[in-house]
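Residue strings, one per chain:
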Amino acid sequence: HTKWASLGASMNDHQLLRYSRHILLEEFGIDGQARVSAGRVLVIGAGGLGSPVALYLAAAGVGHIVLVDDDEVDLTNLQRQVAHTHARVGLPKVESAAQAMRDINSDIAIETHALRADEALLSRLVAEADVVVDCCDNFATRQAVNRACVAHAKPLVAGAAIRFDGQLSVYDTRDAASPCYACLFPPDASFEETRCAVLGVFGPVVGTIGTLQASEALKLLAGIGPSLAGKLLMFDGRSTSFDTLRVARDPHCSVCAQRAA
């Protein structure tokens, strides 16, 4: 509390004005903004989900944002990946997104890694983060991110979207009742992985899920409101409707059961 109070007291007039609409919220206040400004968020993926996440976290003044993505901006991305522009086609997505973030807020630190998120990189970056936001597009990376978050006891905000459907949850194994991602989606499960390039995706659906991911990440940083831990939020873009399922930790989970014990 002393650290946050001192950070709040050290905000200059420009910062107080910039973040005033958050500071005015009773639940958020200057202490919440101080936590956000001191926070470090790791974002895995700078595409459809990662774009709104990166832009909203930058706008909110998250002090240090780390972006990881090994892909480059392609013309087909521009229908939904709003951090990128036609002029930046061919650039690494992390560099393109970082440019967009700096245009919004030049006061924050942005660290980029144009690399695939492997186990070694994740172990190091997750250990340093306060919150991890998974915006990737493949099952293997999601599992690797989850394993690192469980190992380092870091909250994970994970989203996914395909066609007109999206889903979102927070996996926070600091809470004994909260499941990890593998509790719901076991690593050895047999399934057919689907890609946007094959089935397509409605642009506003990734925007909706990504924006909600940013919301959950900011709430975790600011220490306000209950998170989605223990719930799976599902969005149907055809009917513009949400459903919420309660989910529990699997006592036999191959990833988090031993840690929980």
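Residues numbered from 1 in each chain as written. Predicted model: local features only at pLDDT ≥ 70, side-chain atom pairs only at ≥ 80, totals over all residues. Heavy atoms only, no water.

> What's the story with the nonpolar core in this structure? I'm lost.
Note on soluble globular proteins: their nonpolar side chains tend to be buried together. Leu 57, Ile 65 and Leu 67 are the most contacted members of the largest nonpolar core, which totals 42 residues. Contributing elements (two or more residues each) for this core: β1 (40–44), α5 (50–60), β2 (64–68), α6 (93–104), β4 (131–134), β6 (165–171), α11 (203–222) and β7 (231–236). Examining the composition of this core, we find that 8 residues originate from one element, α11, more than from any other. Setting aside chain neighbours within four positions, we find Leu 57 in contact with Val 41, Val 43, Val 62, Ile 65, Ala 214, Ala 217 and Leu 218. (Core = buried A, V, L, I, M, F, W, Y, C linked by side-chain atoms within 4.5 Å. Buried < 20%, exposed > 50% of the residue type's maximum accessible area, 1.4 Å probe, protein only. Helix = DSSP H or I, 4+ residues; strand = E, 2+ residues; numbered from the N terminus. Contact = heavy atoms within 4.5 Å.)

> What exactly am I supposed to notice about empty space enclosed by the protein here?
With a probe scaled to a water molecule rolled over the atoms, the places where space remains empty come into view. In this structure the tally under the stated criterion is 1 cavity of 30 Å³ or more. If you go around the largest cavity, the residues you meet are Asn 146, Cys 149, Val 150, Lys 154, Leu 156, Tyr 171, Asp 172, Thr 173 and Cys 180. If you tally residues by element for the lining of the largest cavity, the top one is helix α8 (residues 139–152), at 3 residues. Of the residues assigned to the lining of the largest cavity, the class counts are 5 nonpolar, 2 polar and 2 charged. (1 Å grid on protein atoms, 1.4 Å probe; cavity = no way out; pocket = protein on both sides within 12 Å on 5 of 7 lines; lining within 4 Å. Points joined across faces, edges and corners; volume = space filled by probe spheres on them. Nonpolar A, V, L, I, M, F, W, Y, C, P; charged D, E, K, R; others polar.)

> Mind showing me how you'd approach the layout of surface pockets here?
Each pocket or cavity is described by its volume, and for the second largest pocket that value is around 260 Å³. Residue lining of the second largest pocket: 16 residues in total, with His 22, Phe 28, Tyr 56, Ala 60 and Leu 218 positioned closest to the centre. Of all the elements in the fold, those that place two or more residues in the lining of the second largest pocket are α3 (20–23), α5 and α11. Looking at the lining of the second largest pocket, its residues break down into 9 nonpolar, 4 polar and 3 charged.

> Teacher, can you tell me more about the sheet that holds β6 here?
With respect to topology, 8 strands assemble into an open sheet ordered β3-β2-β1-β4-β5-β6-β7-β8, the strand pairing being mixed. The strands lining the two open edges of the sheet, one partner per strand, are β3 (109–113) and β8 (241–246). Between one strand and the next, the sheet's axes are offset by a mean angle of 15°, whatever the strand orientation. With 4 bridges connecting them, β1 and β4 associate as parallel partners. (Pairing = 2+ DSSP bridges. Axes fitted to C-alpha atoms, helices over the stretch in contact; angles between N-to-C directions.)

> Is there a simple way to explain the pattern of salt bridges in this structure?
Between side chains of opposite charge, a pair can form when the charged atoms approach closely. Enumeration according to the criterion identifies 9 salt bridges in this entry. A salt bridge links Arg 238 to Asp 165, with the shortest nitrogen-to-oxygen separation between them at 2.8 Å. Of this pair, Arg 238 sits in the loop between β7 and β8 while Asp 165 sits in strand β6, and the two are 73 residues apart along the sequence. Arg 238 gets classed as partly exposed once you look at its relative accessible area, which sits at 47%. Linking Asp 172 and Arg 174 is a salt bridge whose minimum nitrogen-to-oxygen distance equals 2.8 Å. (Salt bridge = Lys/Arg side-chain N within 4 Å of Asp/Glu carboxyl O.)

> Please explain the environment of Ser 169 as it appears in this structure.
Of note, Ser 169 is situated in strand β6. Ser 169 sits in the buried class, given a relative accessible area of 1%. Distance in space between the C-alpha atoms of Ser 169 and Val 157 is 6.1 Å, their sequence separation being 12 residues. Contacts of Ser 169, omitting those with residues within four sequence positions, involve Leu 156, Val 157, Ala 158, Leu 228, Lys 231 and Leu 232. Polar side-chain contacts of Ser 169 include one of 2.4 Å to the backbone oxygen of Lys 231. (Polar contact = N/O pair within 3.5 Å; in protein donor to acceptor, adjacent residues only side chain to side chain.)

> Could you clarify how one ought to interpret the packing of α5 against α6 in this entry?
Two packed helices can be described by the angle between their axes and the distance between those axes. The contact between α5 and α6 brings their axes to 9 Å, and the two run at 30°. Taken together, the axes of α5 and α6 lie roughly parallel to each other. Two packed elements cross with a definite hand, and for α5 against α6 that hand is right-handed. Contact residues: α5 offers Ala 54, Leu 55, Ala 58 and Ala 59, while α6 offers Ala 100, Met 101 and Ile 104. Looking at the contact of α5 with α6 residue by residue, the class counts come to 7 nonpolar, no polar and no charged. (Parallel < 35°, antiparallel > 145°, perpendicular 65-115°, else oblique. Left-handed = near helix turned anticlockwise from the far one by under 90°.)

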